[in-house]
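Inside the fold
What follows is each chain in one-letter form.
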Amino acid sequence: MGAILALRAGPEAPVTRWQSATDAALLEASARHVEPAFVVLIQRYQRDVYRLVWRISAGHADSEDIAQETFLRLWLNPAQVREAKALKGWLLRVASNMVMDRYRRKPMLNIEAAEDIADMAPGPDGWRELSQVSRAVDTAIAQLPDRQRMALALVHFEQMSNIAAAEVMELSVDALESLLARARRRLKEILGPEGKEMLLAVEKAK
Amino acid sequence: MNKQQEPLNDVELAKLLATASSPPQLKGFEEKLLSRMASMRPVGKQRDNVVPFVRPVAINPKPARPVSRVIGIAAALAASLIIGILISDNAGVSELVDGVTGLQTSGQVADFAPAGLDDIGTVDGENQS
């Protein structure tokens, strides 16, 4: 990796030189095709983009590919991001739109989503293993409609404010809050009475 | 109602959501992305989505009017003016009409005597007699 970067960066522009640069400076340099600057942008946001794609696609194997395509779109045309402070929102919006587009054409083949919480319930000993609870919660999230799952992912898992999440989803804050409320209600329905038992198992495990 | 049968509240749901799986660690993300980038050429600025207008080229453009054609038109105009002046004379007009119609219309018109006056004289004589 170091060799690749050194080769691409050239002697006067190593990646380390850009590490402390602002997003605005990195975007401006990326527009001039300074690859080390773009590499720093990748390093800065790859986990956020990948995590959201993985969550929205319910852990689909294409998650990494979609995250890469998001960055490629930025690399091919950095001028699409008009303000540097909107960069993260832009990346998350493009990534989530790609997920939606891809699975609208080719429905998600998610094995976990096909399972039922009731089928996953452990025996008479209850929910002892935290991993079982974790799997059941994943399954419940995967069963949410796309937009509800996206709203939940942005606000709950990405810790974004409602305002920021609404901007990413290009919705009003009211519409986002409505989606979130429906997502939570639906999750409670899916988890059903098992939810309380799962909660006990989680609290015991702590 | 048994407490365990009550639905989850938002705080309890948040605790359960916190147990959701995390995505696996990314391995070689940058390397793969850089190799994909290497196969693409970035564009420097926003691509213009306006298609440039290309002036249509006539397949058989009309040639400019030759000088001889202009001279011919001018000569025809001059000739028509001269003829117009010449035939403005009455006789000339009559002959021209005869030539066109093939009749001796103009002669008949010239020979036509105004008989009305003689008739008036005759009438006057008859009355006196």
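Data block above holds the structure.
Residues numbered from 1 in each chain as written. Chains lettered and ligands numbered in written order. Predicted model: local features only at pLDDT ≥ 70, side-chain atom pairs only at ≥ 80, totals over all residues.

1. A word on the interface of chain A and chain B
Applied cut-off: Two residues qualify as being in contact provided that their C-beta atoms, derived from the backbone, are within 7 Å of each other. The helix and strand labels rest on DSSP assignments: H or I over at least four residues marks a helix, E over at least two residues marks a strand, and numbering proceeds from the N terminus. In this count, Pro and Cys sit with the nonpolar residues alongside Ala, Val, Leu, Ile, Met, Phe, Trp and Tyr, while Asp, Glu, Lys and Arg are called charged and the others, Gly among them, polar.
Contacts between the two partners involve 37 residues from chain A, matched on the other side by 28 residues from chain B. Within the residue set of the side of chain A that touches chain B, elements represented by two or more residues are helix 1 (2-9), helix 4 (35-56), helix 5 (63-76), helix 9 (130-142), helix 12 (173-191) and helix 13 (194-205) of chain A. In terms of residue count, the dominant contributor to the side of chain A that touches chain B is helix 5 of chain A (seven residues). Tallied by class, residues from the side of chain A that touches chain B come to 21 nonpolar, eight polar and eight charged.

2. Re the nonpolar core
Residue and element names in this part refer to chain A. The following threshold applies: For this analysis, nonpolar core means a set of buried Ala, Val, Leu, Ile, Met, Phe, Trp, Tyr and Cys residues linked through C-beta atoms within 7 Å. The burial criterion counts other C-beta atoms lying within 10 Å of a residue's C-beta, which is placed from the backbone; the residue is buried at 20 or more, exposed at 12 or fewer, and partly exposed between these limits. All the domain ranges listed were derived from an automatic or database domain assignment.
Membership of the largest hydrophobic core comes to 64 residues, with the highest contact counts inside it found for Val49, Val53, Leu91, Ala95, Ala151, Leu154 and Ala165. Counting residues per element, this core draws most heavily on helix 4, at 13 residues. Each of two domains, domain 1 (1-109) and domain 2 (111-206), supplies a minimum of three residues to this core. Once you skip the residues sitting within four places of it in the chain, Leu154 turns out to touch Met160, Ala165 and Val168.

3. Overview of the packing of helix 13 of chain A against helix 1 (residues 10-17) of chain B
So the rule is basically this: Axes here mean lines fitted to C-alpha atoms, for a helix over just the part in contact, with angles spanning 0 to 180 degrees between N-to-C directions. Throughout this description, any angle smaller than 35 degrees is read as roughly parallel, any larger than 145 degrees as roughly antiparallel, any in the 65 to 115 degree range as roughly perpendicular, and the remainder as oblique. Crossing handedness is defined as follows: a turn of the near helix away from the far one that is anticlockwise and smaller than a right angle gives a left-handed crossing, while the clockwise case is right-handed.
Taken N-terminus to C-terminus, the directions of helix 13 of chain A and helix 1 of chain B make an angle of 60°; their axes are 10 Å apart at the nearest point. Classified by the angle between their axes, helix 13 of chain A and helix 1 of chain B sit oblique to one another. Seen along the crossing, helix 13 of chain A lies across helix 1 of chain B with a hand that is left-handed. Taking contact as the criterion, the partners of Gly195, Met198, Leu199 and Val202 of chain A in helix 13 of chain A are, on helix 1 of chain B, Glu12, Lys15 and Leu16 of chain B. Broken down by class, the residue content of the contact of helix 13 of chain A with helix 1 of chain B amounts to four nonpolar, one polar and two charged.

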